[in-house]
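# Structural features, examined
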Amino acid sequence: ADDDAEGFLTIADALVYAEKEVGCKEIIELSASTGACMVILGTGYAGVFTQNNDLADEIESISKVTGDNTWRMPLVENEYNSKLRSRVADIKNCGTRYGGAITAGLFLKKFVKKKRPFAHIDIAGPVWKENTGATGFGAKLVTEWVCRKGRKDEILGIVVGA
């Protein structure tokens, strides 16, 4: 059984809600989604999967400030979308053994409009330390990202949530 796959369905619902009900202009999503990302990056870095260069640069900048280490990973559709095809459903919620971290990001991306900046951040590696347990990884990253968005909206005179 792939217990990651069930979590992806819940995250997909949350992404649709954030976009359609809340009206988020940009979306970042953090989840301990795949062991595949841990194999690539170990436990010291989270993988950032996005096709939006501005958002990737912003996350990298915030990562350096907060110490929540991230590394941009490829989110390539042509090669990996086929791994999400299903004979019985619109889309499979888990890919294959190879490229699992990429297919996880692609699956989640399907629930956000193409033009909306979106990043899937796989925090499986740095979110837990064997000796001490949960690390709180990502809390500073998200807090700083939201604060920067708030400052930006204030400067532009945009009321968030109105």
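Residues numbered from 1 in each chain as written. Predicted model: local features only at pLDDT ≥ 70, side-chain atom pairs only at ≥ 80, totals over all residues. Heavy atoms only, no water.

## Re the pattern of salt bridges
Under the convention used in this document: Salt-bridge detection follows one rule: a side-chain nitrogen of Lys or Arg within 4 Å of a carboxyl oxygen of Asp or Glu. The helix count covers DSSP runs of H or I at least four residues long, the strand count covers runs of E at least two residues long, and both are numbered beginning at the N terminus. Whether a residue is buried, partly exposed or exposed follows from its accessible area with a 1.4 Å probe, protein chains only, as a fraction of its type maximum: under 20%, in between, or over 50%, in that order.
All told, the structure shown has 5 salt bridges when counted by the stated rule. In this structure, Arg116 engages Glu19 in a salt bridge whose closest nitrogen and oxygen atoms are separated by 2.7 Å. Linking Arg116 in the loop between helix H5 (100–109) and strand S4 (118–122) with Glu19 in helix H1 (residues 3–22), this pair joins segments that are 97 residues apart in sequence. Given a relative accessible area of 21%, Arg116 falls into the partly exposed group. The class of Glu19 is buried, set by a relative accessible area of 6%. For Glu60, the salt bridge goes to Lys64, with nearest N and O atoms at 3.4 Å. Of the two residues, Glu60 and Lys64 are both situated in helix H3 (residues 53–66); the distance of 4 residues between them amounts to about one turn of the helix.

## Digging into the nonpolar core
Counted only if it meets this: Among the buried residues, those of types Ala, Val, Leu, Ile, Met, Phe, Trp, Tyr and Cys that are joined through side-chain atoms within 4.5 Å form a nonpolar core.
Counting 12 residues, the largest nonpolar core consists of Ile28, Ala46, Val48, Leu55, Ile59, Ile62, Ala119, Ile121, Ile123, Phe137, Leu141 and Trp145. Looking at this core, the elements that each hand over two or more residues are strand S2 (46–50), H3, S4 and helix H6 (139–156). Residue contributions to this core peak at 3 residues, all from H3. Core analysis: the next-biggest nonpolar cluster, separate from the first, contains 11 residues, Ile11, Ala12, Ala104 and Leu108 among them.

## Looking at the pairing of strand S1 (residues 27–31)
Keep this limit in mind: Strand pairing is assigned whenever DSSP identifies at least 2 bridges connecting the two strands.
Counting buried residues in S1 gives 4 out of 5 residues, a clear majority hidden from the surface. Bridge analysis of S1 against S4 gives 5 bridges, and the strand direction is parallel. Counted as the bridge partner of Ser31 is Asp122 from S4.

## Re the pairing of strand S3 (residues 70–73)
Consecutive side chains along a regular strand alternate between the two faces of the sheet. Filter applied, for reference: If the strands point away from the viewer and the path from the first strand over the helix to the second runs clockwise, then the crossover is right-handed.
Relative to S3, S2 runs parallel, the two being bridged by 4 bridges. Bridge pairing in S3 links Phe49 to Met73. For the crossover that starts at S2, traverses H3 and ends in the parallel S3, the hand is right-handed.

## Quick word on the environment of Val127
Note the following rule: Only heavy atoms matter for contacts: two residues are in contact if any of them lie within 4.5 Å across the pair.
Structurally, the position occupied by Val127 is in the loop between S4 and strand S5 (128–129). Exposure remark for Val127: the relative accessible area of 24% places this residue in the partly exposed category. Between the C-alpha atoms of Val127 and Gly44, which are 83 residues apart in sequence, the distance is 9.0 Å. Among all residues touching Val127, those that are not within four sequence positions of it are Ala32, Gly133, Ala134, Thr135 and Phe137.

## Considerations on the confidence of the model for the protein
Just so we agree on the cut-off: The quantity called pLDDT is the predictor's confidence in a given residue, expressed from 0 to 100.
With 86% of its residues at a pLDDT of 70 or more, the protein has an overall mean of 84. The secondary-structure element of the protein with the lowest mean pLDDT is helix H4 (residues 77–80), recorded at 77, while H3 shows the highest, at 97. Between residues 155–162, whose pLDDT stays under 50, and residues either more than four places distant or in other chains, the model counts 3 contacts.

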